[in-house]
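# Coordinate inspection notes
Chain residues, written in single-letter form:
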Amino acid sequence: MAATIRVNLPQNAYDIAIGAGLLDHVGDWMRERSTQTNPKVLLVSNPQIFKRYGDRVITSLQAAGYQVQSCILPAGERYKTPNSLQKIYDAALDFRLERSSVMLALGGGVIGDMTGFAAATWLRGIAFVQVPTSLLAMVDAAIGGKTGINHPRGKNLIGAFHQPRLVLIDPEVLATLPVRELRAGMAEVIKYGIIWDPDLFDRLEAAPRLDRFAAIQPLLGEILQRSCQAKADVVAQDEKEGGLRAILNYGHTIGHAIESLTNYRLVNHGEAVAIGMVAAAELAAKMGLWDGANCARQLAVIQKTALPDRVPASLDPEAIADSLLLDKKVKDGKVRFILPTRIGAVEMVDQVPADVLYPVLRALQG
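Residues numbered from 1 in each chain as written. Predicted model: local features only at pLDDT ≥ 70, side-chain atom pairs only at ≥ 80, totals over all residues. Heavy atoms only, no water.

Definition in use: UniProt positions are given in the numbering used here, feature names are shortened, and annotations may be inferred rather than shown by experiment.
Per an unreviewed UniProt entry, the protein chain carries the name 3-dehydroquinate synthase and comes from Limnothrix redekei LRLZ20PSL1. Per UniProt, the protein chain carries the Subcellular location (unreviewed entry) text "Cytoplasm". Looking at the Catalytic activity (unreviewed entry) heading of the UniProt record, one finds this comment for the protein chain: "7-phospho-2-dehydro-3-deoxy-D-arabino-heptonate = 3-dehydroquinate + phosphate".

And the structure:
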């Protein structure tokens, strides 16, 4: 039995389905909810995920009457580039995708972002479906319609808002997710606890450990449903980040700078977000927005998840500050930080003085 969460958007509403074994029923779910008339589905994945789950998804799609072609891209953030995007376009052309065809993303956030952007721009926009296979994609990247690729000097600078028609989450795939990727996904879960759901944070805080699948398994259903509900609630109120949705960037401002400055090789996205959350919490404390006790609570949960909490020693604080100015969230030349005010609430601040920012970055270098 799948749990269903509705993303209530005026024109692009869709369901997030969460349930064990859903990989074997992708075709049925698409048929029940699709308005598409063309039977062609371009499945985009990476070699590891496709080898493990591709046949199951293709079998389900074909049983539901779909014609399927696959496009396999290299794994990793550093491949979220125009070259990879071109491969999706080439596959779409070779398969003769029409405006009533569908692209399906089977993989983590990188695959989902690229497939979504390809779908947004192929023939000026076709439908796509998200079938996330990483915890990070399940709770965050696959939901909300942000799609895109990276520029060499900044993350996700090239993209579009394009909502999926359906998000299907099968938690069983997480049992084989590499532990580092599992922890990366937990960074986004912790984020939801800080920005939106204090009860979720309390649950994480009470858990003995959060650094491996066996440790989070008793909480997994709650983690997925509460995180997806938080994302759905925020997106429903602000689809294209005109205001409220910016709170989802908690930890991401400095996190994205760290990712781009290390060429997406030293830390993964979730690890960078964890470091960014530690930095944002310290900035908030220095500016009197919340107290040191809350900093310590957040840090303890991050450490319990075995996520990094230090800025890489190789990075110069000035280089980080310069990179922040390239962030897509800069407005009127000012960097917008999302800073916590209590567990469960944050606010947007565009006046973080240099004499506060630099000491925090230096103090966190390790």
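## Section: the pairing of strand β3 (residues 40-45)
Convention followed: The rule is simple: take the accessible area with a 1.4 Å probe, protein chains only, and divide by the maximum for that residue type; under 20% is buried, over 50% is exposed, in between is partly exposed. Only runs of H or I of at least four residues qualify as helices and only runs of E of at least two qualify as strands under DSSP, and these elements are numbered from the N terminus. By definition, two strands form a pair when at least two bridges between them are found by DSSP. With its strands directed away from the observer, a crossover is right-handed exactly when the path from the first strand over the helix to the second travels clockwise.
Taking burial as the measure, the 6 residues of β3 include 6 buried ones, the bulk of the element. Here β3 shows a buried face lined by Lys-40, Leu-42 and Val-44 and a second buried face lined by Val-41, Leu-43 and Ser-45. The sheet contact formed by β3 and strand β4 (residues 67-72) spans 6 bridges and is parallel. For Val-41, the partnering residue across the bridge sits in β4 and is Val-68. With respect to chirality, the unit in which β3 leads through helix α2 (residues 47-63) into the neighbouring parallel β4 is right-handed. For β3 and strand β5 (residues 102-107), the ladder comprises 4 bridges, and the chain directions are parallel. Across the sheet, Leu-42 pairs through a bridge with Met-103, a residue of β5.

## A word on the packing of helix α1 (residues 26-33) against α2
Which entries qualify depends on this criterion: As a rule, the C-alpha atoms of each element are fitted with a line to give its axis, helices using only the stretch in contact, and angles between N-to-C directions run from 0 to 180 degrees. Note that the term roughly parallel is reserved for angles under 35 degrees, roughly antiparallel for angles over 145, roughly perpendicular for angles of 65 to 115, and oblique for everything else. It only takes one pair of heavy atoms within 4.5 Å for two residues to be counted as in contact. Residue type decides the class: Asp, Glu, Lys and Arg count as charged, Ala, Val, Leu, Ile, Met, Phe, Trp, Tyr, Cys and Pro as nonpolar, and the leftover types, Gly among them, as polar.
In the contact formed by α1 and α2, the axes pass within 6 Å of each other and the chain directions differ by 40 degrees. As summarised for this structure, α1 and α2 are arranged oblique, according to the angle between their axes. Side by side, α1 and α2 meet where Val-26, Gly-27, Asp-28 and Met-30 of the first sit next to Val-57, Ser-60 and Leu-61 of the second. Among the residues forming the contact of α1 with α2, the class breakdown is 4 nonpolar, 2 polar and 1 charged.

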